[in-house]
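Chains, contacts and geometry: an overview
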Amino acid sequence: MIELQNISKSYRTDTIETLALQHMNLSVPAGEFLSIMGPSGCGKSTLLNIMGLIDEPTEGRVALAGKEVTNYNGSKVARFRNEQLGFIFQSFHLINDLSVVDNVELPLLYRRVSGKERRRLALEALERVGLSNRANHFPTQLSGGQKQRVAIARAIVGRPNIILADEPTGNLDSHMGDEIMDILTRLNQELGTTIVMVTHDERMAKKTHRLVRLSDGERVS
Amino acid sequence: MIKNYLTLALKVLRRKPFYTFISLFGISFTLMILMLVTSMGDALFGAHKPVSDLDQLVYTPFIERYTEFYDTTYTVDTIVMDDGALRFDSLQSVEPNGSMNNSNGPMSFHFLDEHMRDFENVDSYTFFSDASHIDAYLDGRKVSLNTYYADAGYWQVFDFDFIHGLPFGPDDVEQGNKVAVITDRAARNYFGEVSAAVVGSEMELGSERFRVVGIVERPLIDDRTVRGDIFLPVTTIDNRQYTSTEMYGPFQAVFKATAPGKRESIKQQIEFLADNFEMPPESDYENIRFRPGTYVEIFAGSTVMENDYDKAKLMLFIPVAVLLFLFLALPLLNLINLNISRVYERKSEIAVRKAFGADSRDILYQFIFENLVLTFIGGLIGLALAVLVIKYVNANDLLGIVRLSFSVQNFFYFLLVILLFGLFSGLLPAYRMSRTNIGTALR
Ligand SMILES: Nc1ncnc2c1ncn2[C@@H]1O[C@H](COP(=O)(O)OP(=O)(O)OP(=O)(O)O)[C@@H](O)[C@H]1O
Ligand SMILES: [Mg+2]
């Protein structure tokens, strides 16, 4: 499903060049629930971004569903992101000008879905993360954990084949964290959704199929 | 899809009341000013009845007599020849020294009659006087009337709207018939009504009686050539004035060219007349000139007191244009600035949308729609403002008798200009943003 071959990523600023990823090889078969762990700054988010086609590797080859990705601005890639990928950002990235339910509808906005159906699916997704009572709030009126759950609802609303989750339980108490894990596990089991999750929590990682550890931009296991 | 963009735009604009307010203010204010200025420009310089053929008219309001003074300079070069003899080379030059005696004013009927009847490329022309006031009496009540003495050509050059009756014709002028054309306002003031019954009634003007032959609509424009309350045949003016052989008198001439392009030819013929004019020997002056001009030229010349009309137009219109430009540039620049910063401010929103499947086109459409919605609402407000201000100006006679009108065509034209400004200012940054890397934008 996801194939990374010899991926390197470096960030260049005026003064220094940071190697965020070095010669990374990773393949995630369809239907797998994979977790990624590693110390802060080791390149976990960078790796997830590259898998989610929102960052280009400096070197190496990315293939999704058997097709190599080349043009990151094309409408084909946009379509792929829309239909196949659901992203949960580490810092949520909700749109503050839009209400919670409008935020959750976002991925459906770029599909042929009627407004009514969009609203229904969004409310359903909010229900799953236990936030239907906040549908008409705005992101600035939510707590960190609530924002995180909105971000999760947005990622699952379009039933993508792949969910990329950057510390989806990082801001939640253990009870809420378990619930989110349940949701993800169920998506994985019932719909066969491929899930790649970055986490700092060994307990969460244990619930997944496989664990990949990173250190300084390299795979250590 | 369009509905999506539209509702999205409305949502975002509602969430940013301050930005929305400033943008709407900029758009509607700019529109209103543009509408007001063009409406005033049209009222002042546009063709309106009874001066519908404004672009064919050449005005000759006065004659100027002048004598230029010259300095004569002798230059003598002295050269010493080989044999020691001196040789002289002398040069005499005569140049105007800038000082001059002159006097100007409107002309006598006799002068116009004698010299200005046979120009080419003239469709029609008129000699008339706008300088008299006559007190009319009715039942001991006095009504003061601004009186024009005109020939029959006056009614051809100017296309007054006759409410009742007809203009006086060449026969009336030739025979000195005591007939009058009056405006509706004069009719109301004197007869108390504007009706067909007024035609044929007599008016007591000074010591004479005139029969009304026509009632015209009073022109609501600020043009000195058509601002009379009452128009009488030129032959009924004080006989001394009619027959005076002086150059000066109360008359001026207006020529209607056969086409706008022929006005230049008429001006040249008038200038030719001046250049070849033989001054009576007893005159205090050596030359004459007329300074014929179009309506705009005469207006500019008299406003900035400059006889060179090309210069006058520049002196008048460049400052006006610069002021107008500055006045409009401020809200427009503000709009552009707002638009650009707004796009950059929404960098992460754009990146998030792309991460969830929006392509560059979706992003562009979204910004286009936001702009369209803003311009549309701003346009509506601007429309309302412009209509209100114009109504207010007209209702309170803020521009004297001049009436402003609302041009739908101009309105849509300006709306389009503002839309283009908005699109260019918002689209270019939006386009660039839509192509930036999502990952970097979301740091
Ligand atoms: N845009 C950037 N410019 C320069 N350096 C960057 C940029 N983005 C990331 N880096 C660097 O790349 C390295 C990897 O960053 P990344 O965000 O992938 O770490 P992470 O493993 O997700 O850390 P955390 O657990 O704290 O989220 C870091 O050293 C970071 O400083
Ligand atoms: Mg990270």
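Residues numbered from 1 in each chain as written. Chains lettered and ligands numbered in written order. Predicted model: local features only at pLDDT ≥ 70, side-chain atom pairs only at ≥ 80, totals over all residues. Heavy atoms only, no water.

Let's talk about the overall build of chain B
A tally of helices and strands in chain B yields 14 helices and twelve strands. Taken over the C-alpha atoms alone, chain B extends approximately 100 × 95 × 35 Å along its principal axes. In chain B, which comprises 443 residues, the share counted as buried stands at 46%. Here the contacts in chain B between residues at least 6 apart in sequence split such that 74% fall between residues at least 24 apart. (Helix = DSSP H or I, 4+ residues; strand = E, 2+ residues; numbered from the N terminus. Buried < 20%, exposed > 50% of the residue type's maximum accessible area, 1.4 Å probe, protein only. Contact = heavy atoms within 4.5 Å.)

A look at the overall build of chain A
Along the backbone of chain A there are seven helices and ten strands. In terms of C-alpha radius of gyration, chain A reaches 17 Å, essentially the compact-globule figure of 17 Å for 221 residues. Each of the three principal axes of chain A carries a C-alpha extent, and together these read 45 × 40 × 40 Å. The 221 residues of chain A split such that 57% are buried. In chain A, 71% of the contacts between residues at least 6 apart in sequence involve partners at least 24 apart. Summed over all atoms, the accessible surface of chain A reaches about 9,700 Å², with 44% contributed by carbon and sulfur. If the 27 positive side-chain charges of chain A are averaged to one point and the 26 negative ones to another, these points end up 6 Å apart. (Rg over C-alpha atoms; globule rule 2.2 N^0.38 Å. Areas by Shrake-Rupley, 256 points an atom, 1.4 Å probe, with all protein chains shown as cover. Lys, Arg positive; Asp, Glu negative; His and termini not counted. Charge placed at Lys NZ, Arg CZ, Asp CG, Glu CD.)

Some remarks on the coordination of the magnesium ion (ligand 2)
All names here are of chain A. Protein coordination at the magnesium ion (ligand 2) comes from Ser45 (OG) and Gln90 (OE1), with a distance range of 1.9 to 2.3 Å. Of this pair, Ser45 sits in helix H1 (residues 44-51) while Gln90 sits in the loop between strand S6 (85-88) and helix H3 (100-109); the two residues are 45 residues apart in sequence, bridging distant segments of the chain. On the basis of relative accessible area, Gln90 is assigned to the partly exposed category, the value being 38%. (Donors = N, O, S within 2.8 Å, 3.2 Å for Na, K, Ca; no water.)

Notes on the packing of aromatic side chains
Inspection of the entire model under this criterion finds 35 aromatic pairs over all chains. Look at B:Phe109 and B:Tyr242: their rings are 5.1 Å apart centre to centre, the planes differ by 35°, and that puts the pair in the tilted class. You can see B:Phe109 sitting in helix H3 (residues 109-115) and its partner B:Tyr242 sitting in helix H7 (residues 239-243), a full 133 residues away along the chain. Judged by relative accessible area, which is 5%, B:Phe109 ranks as buried. The positively charged end of B:Arg15 is found above the aromatic ring belonging to A:Phe138, 3.6 Å away from the centroid. (Phe/Tyr/Trp six-rings, centres within 6.5 Å; stacked < 30°, edge-to-face > 60°. Lys NZ or Arg CZ within 6 Å of the ring centre and 35° of its normal.)

With respect to the pattern of salt bridges
Per the stated rule, a full pass over the model turns up 38 salt bridges over all chains. With a shortest N-O distance of 3.2 Å, B:Glu64 and B:Arg291 are connected by a salt bridge. On the criterion of sequence distance, the pair formed by B:Glu64 in strand S2 (residues 63-80) and B:Arg291 in the loop between strand S12 (287-289) and helix H9 (295-304) is long-range, its members being 227 residues apart. Residue B:Glu64 is classed as buried on the basis of its relative accessible area, which comes to 1%. In the salt-bridge network here, residues are joined through shared partners; they are A:Asp102, A:Glu105, A:Arg118, A:Arg119 and B:Lys11. (Salt bridge = Lys/Arg side-chain N within 4 Å of Asp/Glu carboxyl O.)

Re the interface of chain A and chain B
Each side of the interface is counted separately: chain A has 29 residues, and chain B has 27 residues. Surface buried jointly by chain A and chain B totals about 2,500 Å² across both partners, of which 55% is contributed by carbon and sulfur atoms. Per-residue buried area on chain A facing chain B is highest for A:Asn73, A:Asp97 and A:Tyr110; these three make up 28% of the total on that side. A salt bridge links A:Asp102 to B:Lys11; its shortest N-O distance comes to 2.9 Å. Summed over the shared surface of chain A and chain B, the number is ten residue pairs in polar contact (both at pLDDT 80 or more). Residue assignment for the side of chain A that touches chain B shows that the elements contributing at least two residues are H1, helix H2 (75-84), H3, helix H4 (115-128) and helix H5 (144-156) of chain A. When its residues are assigned to classes, the side of chain A that touches chain B shows 13 nonpolar, eight polar and eight charged. (Buried area = accessible area lost by both parts, 1.4 Å probe. Polar contact = N/O pair within 3.5 Å; in protein donor to acceptor, adjacent residues only side chain to side chain. Nonpolar A, V, L, I, M, F, W, Y, C, P; charged D, E, K, R; others polar.)

A word on the nonpolar core
Among the nonpolar cores identified, the biggest contains 70 residues, and B:Tyr154, B:Ile182 and B:Phe290 are the most heavily contacted of them. If we skip the residues at most four places from it in the chain, B:Tyr154 touches B:Tyr125, B:Thr126, B:Phe128, B:Tyr148, B:Phe160, B:Thr225, B:Val226 and B:Phe231. If you look at the next biggest cluster of nonpolar residues, it comprises 53 residues, including A:Met51, A:Ile95, A:Leu214 and B:Ala358. (Core = buried A, V, L, I, M, F, W, Y, C linked by side-chain atoms within 4.5 Å.)

Let's talk about the environment of B:Pro219
Residues and elements named next belong to chain B. Structurally, Pro219 is set in the loop between strand S9 (208-216) and strand S10 (230-233). Pro219 sits 115 residues away from Asn104 along the chain, and the two C-alpha atoms are 29 Å apart. Other than its neighbours up to four places away in sequence, Pro219 contacts Lys49, Pro50, Phe160, Val226 and Ile401.

Describing the sheet that holds strand S10 (residues 218-219) of chain A
Residue and element names in this part refer to chain A. Read from one edge to the other, the open sheet built from six strands follows the order S6-S7-S8-S3-S9-S10, with strand pairing classed as mixed. Two strands bound the open sheet, and with one partner strand each, they are S6 and S10. Across five bridges, strand S7 (residues 162-166) lies against strand S8 (residues 194-198) in parallel orientation. Paired with Ile162 across the bridge in S8 is Thr194. Along the sheet face, H2 touches S6 and S7 and points at about 75° away from the line of S6. (Pairing = 2+ DSSP bridges. Axes fitted to C-alpha atoms, helices over the stretch in contact; angles between N-to-C directions.)

What about unusual backbone geometry?
B:Lys49 connects to B:Pro50 through a cis peptide bond whose omega is 0°. By the secondary structure assignment, B:Pro50 is in the loop between helix H2 (17-45) and strand S1 (57-60). The phi torsion at A:Ala65 lies on the positive side, around 50°, for a residue other than glycine. Inspection of the secondary structure assignment puts A:Ala65 in the loop between strand S4 (59-64) and strand S5 (67-68).

Thoughts on the domain arrangement of chain B
Under the domain assignment used here, chain B contains domain 1 (2-47 + 314-442) and domain 2 (109-258). Taken over C-alpha atoms, the centre of domain 1 of chain B sits 50 Å from the centre of domain 2 of chain B. (Domains from an automatic or database assignment.)

Let's talk about the site of ligand 1
Residue and element names in this part refer to chain A. Around ligand 1 there are 14 residues in total, and Ser40, Gly41, Lys44, Ser45 and Thr46 lie nearest to it. Gly41 has a polar backbone atom sitting 2.8 Å from an oxygen atom of ligand 1. A distance of 2.5 Å separates an oxygen atom of ligand 1 from a polar side-chain atom of Thr46. Elements with a contribution of two residues or more to the shell around ligand 1: strand S2 (17-28) and H1. If you tally residues by element for the shell around ligand 1, the top one is H1, at three residues. Grouping the constituent residues of the shell around ligand 1 by class yields three nonpolar, eight polar and three charged. (Near = heavy atom within 4 Å.)

Digging into the pairing of strand S7 (residues 179-183) of chain B
In summary, the side chains of a regular strand alternate between the two faces of the sheet. Residues and elements named next belong to chain B. Along S7, five of the five residues are buried, which leaves the element largely enclosed by surrounding structure. Every second residue of S7 is oriented toward a common face, with Val179, Val181 and Thr183 on one face and Ala180 and Ile182 on the other, all of them buried. When S7 meets S9, the two strands line up parallel, connected through five bridges. Following the sheet pairing, Ala180 is matched in S9 by Val212. When S7 meets S10, the two strands line up antiparallel, connected through two bridges. Bridged to Val181 within S10 is Phe231.

Remarks on the environment of B:Val12
Summarising the element assignment, B:Val12 is placed in helix H1 (residues 2-15). We classify B:Val12 as buried; its relative accessible area is 1%. Sequence separation between B:Val12 and B:Ala152 is 140 residues; the distance between their C-alpha atoms is 67 Å. Excluding its chain neighbours within four sequence positions, the residues that come into contact with B:Val12 are A:Asp97, A:Leu98, B:Arg342, B:Arg346 and B:Glu370.

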